Amino acid sequence: MFGTGHRSAQAPPIAHRCQGVPAIRATGLHKSYPDVDAVRGVDLTVEQGETFGLLGPNGAGKSTIIAMLCTLAVPTAGHIEVAGHDTRTAPGPVRRSLGIVFQESTLDGELTAAENLRFHADLYAMPKAGLAARIDAMLDLAGLTARRHHLVRTFSGGMRRRLEIARGLLHRPRVLFLDEPTIGLDPQARDRLWAHLREVREREATTIFLTTHYLDEAERCDRIAIVDDGRIVAQGTPAELKSTLAADRIDLRTGDDVAAAVALRERFGIEAVAGPRGLRVQAENGARLVPRLCAGLDVPVYEVTVTRPSLDDVFLHHTGRHIRDESGGDG
Ligand SMILES: Nc1ncnc2c1ncn2[C@@H]1O[C@H](COP(=O)(O)OP(=O)(O)OP(=O)(O)O)[C@@H](O)[C@H]1O
């Protein structure tokens, strides 16, 4: 289990005290198993206070990357620093600097919410002074003050996840790692969890590093790395990544798609393909083009939709595949 922490339970969030050192710096990460090279040359830097997401389909290597960053897996090659500590030479300080929320719950259902937190405090040898107040604060952050004496086995999936986050934060880590934090939650519970993560970030000043295969969750991160087949294929803010794809998608429902396709080719030099609603074309500045397109077609146009590039388009651009086809995730 993770090592002991001897900071005062009342100390301010350490993220305020160590400006300048990246929360995470990983270079040349590789992880090979006998049958598969799960991670094949990953470099990433996460600044303090960022919410950073690894986006990728199932099997892309996200959990393996997070496991190496958390010292739970030893890299085959490469170098990692968490909060300035080397995971190979200083695993203890690294472990004290991080909190982890795994995909599978590791709470004890036969203990109450408060008992689960106290158990964690014992594991981390947190000092008794200020501990009760810290537990109160974490239960308040999780919205579970009224349920503090209830057995965890009576909690909903969302409540458990919030309690796990509270537990991960109890010892004031500099980085909170979350592996697929919303897996198994319904859309409302997912939304509530994201609101919760925003509050965590504001109140605790913690760097948040998460994995997801949901495009809408990746959109909520400050920066993301898109992972496929053990490699990072693109990295940046969601807006930056989407801006690298110039073309918008325009879907047209017309009175005569064949005639419209001919007119688009002859008058605008645009090749249309069959789309879900009729015709689909790709073009820069779709919103500006639409009035000209409609005026230039001799057939009735019943419906036009312009869609800006999505992170799925970015994934498609870099890998030739849709992320949601493989993950069953949303769009
Ligand atoms: N302990 C292990 N032994 C052997 N192969 C493994 C091990 N852990 C992961 N792998 C393999 O490494 C590859 C990457 O798996 P990983 O779990 O990191 O992907 P992921 O992106 O997190 O996917 P998921 O979202 O399904 O967890 C997969 O091919 C997986 O089968």
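Residues numbered from 1 in each chain as written. Predicted model: local features only at pLDDT ≥ 70, side-chain atom pairs only at ≥ 80, totals over all residues.

**A look at the UniProt feature "domain: ABC transporter" (unreviewed entry) in the protein**
- When the UniProt feature table is mapped onto this chain, "domain: ABC transporter" (unreviewed entry) is found at residues 24–254.
- For residues 24–254, the helix share is 34%, the strand share is 29%, and the end-to-end C-alpha distance is 52 Å. (UniProt positions renumbered as here; feature names shortened; annotations may be inferred. Helix = DSSP H or I, 4+ residues; strand = E, 2+ residues; numbered from the N terminus.)

**Overview of the pairing of strand β9 (residues 223–228)**
- Taking burial as the measure, the six residues of β9 include five buried ones, the bulk of the element.
- Where β9 and strand β10 (residues 231–236) come together, five bridges link them in antiparallel fashion. Along β10, the bridge assignment pairs Val227 with Ile232.
- What sits between β9 and β10 in their antiparallel hairpin is a turn of two residues, with Asp229 showing a positive phi close to 55°. (Buried ≥ 20, exposed ≤ 12 C-beta atoms within 10 Å, placed from the backbone. Pairing = 2+ DSSP bridges.)

**Considering the pairing of strand β4 (residues 77–82)**
- Pairing of strand β1 (residues 24–32) with β4, which is carried by five bridges, proceeds in the antiparallel orientation. The partner of Thr27 across the bridge, within β4, is His79.
- Across two bridges, β4 lies against strand β5 (residues 85–86) in antiparallel orientation. Considered in β5, the bridge of Glu81 is made with Asp86.
- Connecting the antiparallel pair β4 and β5 is a turn made up of two residues, with Ala83 showing a positive phi of about 55°.

**Some details on the site of the ligand**
- The immediate surroundings of the ligand are formed by Tyr33, Val36, Ala38, Gly56, Asn58, Gly59, Ala60, Gly61, Lys62, Ser63, Thr64 and His213.
- Ranked by residue count, the leading element in the shell around the ligand is helix α1 (residues 62–69), at three residues.
- Its residues assigned to classes, the shell around the ligand comprises four nonpolar, seven polar and one charged. (Near = placed C-beta within 6 Å. Nonpolar A, V, L, I, M, F, W, Y, C, P; charged D, E, K, R; others polar.)

**With respect to the sheet that holds strand β12 (residues 273–275)**
- Judged by pairing direction, the sheet is antiparallel, and its four strands sit side by side in the order β12-β13-β11-β14 without closing on themselves. Looking at the sheet topology across the chains shown, the edges are occupied by β12 and β14 (301–307). Shown here is a sheet whose adjacent strand axes are inclined to one another by a mean of 35°, direction ignored.
- Pairing analysis gives six bridges linking strand β11 (residues 248–254) to β14, with the strands arranged antiparallel. Paired with Ile250 across the strands is Val306, a residue of β14. (Axes fitted to C-alpha atoms, helices over the stretch in contact; angles between N-to-C directions.)

**Brief notes about the environment of Ile80**
- Note that Ile80 resides in strand β4.
- Ile80 sits in the buried class, given 23 other C-beta atoms within 10 Å.
- Separated by 35 residues in sequence, Ile80 and Thr45 have C-alpha atoms that sit 9.8 Å apart.
- In this view, Ile80 contacts Ala26, Leu29, Met68, Leu69, Pro75 and Thr87; residues no more than four positions away in its chain are not counted. (Contact = placed C-beta atoms within 7 Å.)

**With respect to the sheet that holds strand β8 (residues 207–212)**
- One open sheet accounts for six strands, arranged β6-β7-β8-β3-β9-β10; its pairing is mixed. Each edge of the open sheet carries a strand with a single partner, namely β6 (98–101) and β10. Mean inter-strand twist for the sheet, computed between neighbouring axes without regard to direction, equals 15°.
- Note: strand β3 (residues 51–55) against β8, five bridges, orientation parallel. What sits directly across from Thr51, in β8, is Ile208.
- The sheet contacts of helix α5 (residues 157–169) involve β6 and β7 (175–179), and relative to β6 the element is tilted by about 165°.

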